[in-house]
Amino acid sequence: MTAWVGLTGGIGSGKSTAARLFAQHGVPLIDADAVSRALTANGGAALPAIRAAFGEAAFDFSGSLKRDALRQLVFQSPEAKAKLESILHPLILAEIRAQQQQFPQAVYGIIEIPLLAEQPVFQSILQRILVIDCSEETQIRRTIERSGLTRDMINGILAAQASRQQRRSIADDLISNEAGLPELAAAMERQHLIYQQLFGS
Ligand code: ADP
């Protein structure tokens with residue numbers, strides 16, 4: 001039985017970088033965000049249920065989901081958020097479970113789940129949770145450098161996400177990503193060895 005570690009962290013914490021570092025060690029990697037995007041892309045399996053729940057207004061003239069408008073709607077309306085999640089979460093879980101079956105020989109694998117602290121339903125498919133942690137100031141600086149978003153926009157995203165403390169509270173393992181990339185690579189290598197020992201026996 002392959003063990004599965006949920007990898008999470010706030011925006012700009014370095015979780016995608018950490019996930020790539022695990023993959024470089026040959027660890028299977030599943031990306032929950034990519035699964036979600038595929039389900040809601042043109043022709044995606046979630047679209048019929050989203051159309052039934054939110055109507056044609058959620059789609060543009062070409063039949064594509066209006067992601068920004070829907071994101072705005074669920075940001076403002078807890079009912080809309082609950083409705084969308086009740087459609088997406090079972091489909092995301094089913095697809096992740098299908099992807100998990102593709103790695104029967106692996107000792108362990110990583111599932112990158114950005115909103116794991118906000119959406120505890122995903123904890124049901126995990127044996128362990130790894131949180132990539134750094135200060136909000138570092139998150140903001142890295143996100144500005146990477147994305148060109150303004151400090152105000154990033155503060156808005158941080159306010160909508162789980163707090164650093166909430167995320168830390170779900171961690172079985174916590175990696176600080178305050179130093180540079182070589183330090184993160186070294187920390188991931190140590191963590192990989194720990195997981196191989198932990199799940200290999
Ligand atoms: P997340 O997936 O958590 O949003 P990323 O892994 O995409 O974060 O990292 C955000 C940005 O910060 C990227 O440009 C990445 O290269 C950079 N980064 C991540 N960790 C470090 C680090 N330890 N030192 C310097 N830059 C980093």
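Rules used throughout
- Residues numbered from 1 in each chain as written.
- Predicted model: local features only at pLDDT ≥ 70, side-chain atom pairs only at ≥ 80, totals over all residues.
- Heavy atoms only, no water.
- Axes fitted to C-alpha atoms, helices over the stretch in contact; angles between N-to-C directions.
- Helix = DSSP H or I, 4+ residues; strand = E, 2+ residues; numbered from the N terminus.
- Parallel < 35°, antiparallel > 145°, perpendicular 65-115°, else oblique.
- Contact = heavy atoms within 4.5 Å.
- Core = buried A, V, L, I, M, F, W, Y, C linked by side-chain atoms within 4.5 Å.
- Buried < 20%, exposed > 50% of the residue type's maximum accessible area, 1.4 Å probe, protein only.
- Pairing = 2+ DSSP bridges.

Asker: Where do I start with the packing of helix H4 (residues 67–76) against helix H5 (residues 78–100) in this structure?
Answerer: Between two packed helices, both the angle of their axes relative to each other and the distance between the axes serve to describe the pair. Following both chains from N to C, one finds H4 and H5 inclined at 120 degrees, their axes separated by 5 Å at the closest point. In this view, H4 runs oblique relative to H5, as classed from their interaxial angle. Two secondary-structure elements touch here, H4 through Leu70, Leu73, Val74 and Gln76 and H5 through Pro78, Ala80, Lys81 and Leu84.

Asker: Help me out: how do you make sense of the nonpolar core in this one?
Answerer: Grouped burial of nonpolar side chains is what soluble globular proteins tend to show. Counting 30 residues, the largest nonpolar core has Ile50, Phe54, Ile96 and Ile111 as its most contacted members. Counting only elements with at least two residues in this core, the list comes to helix H2 (32–40), helix H3 (47–54), H4, H5 and strand S4 (128–133). With 7 residues, the single largest contributor to this core is H5. Filtering out sequence-adjacent residues up to four positions away, Ile50 remains in contact with Thr40, Gly55, Phe59, Leu65, Leu70, Leu84 and Ile87. Judged by nonpolar contacts, the second largest core, of 18 residues, contains Leu21, Tyr108, Leu130 and Phe199.

Asker: Please explain the sheet that holds strand S1 (residues 3–8) as it appears in this structure.
Answerer: Strands belonging to one sheet form pairs held by backbone hydrogen bonds; the direction of such a pair is parallel or antiparallel. An order of S2-S3-S1-S4-S5 is seen for the 5 strands of this open sheet, with the pairing classed as parallel. Looking at strand neighbours, the two that pair on one side only are strand S2 (29–31) and strand S5 (173–176), the edges of this open sheet. The average angle at which neighbouring strand axes cross in this sheet is 25 degrees, direction not considered. Here S1 runs beside strand S3 (residues 108–112); their pairing, made up of 5 bridges, is parallel. Its bridge partner lying in S3, Val5 is registered against Ile110. The sheet contacts of helix H1 (residues 15–24) involve S1, S2, S3 and S4, and relative to S3 the element is tilted by about 160 degrees.

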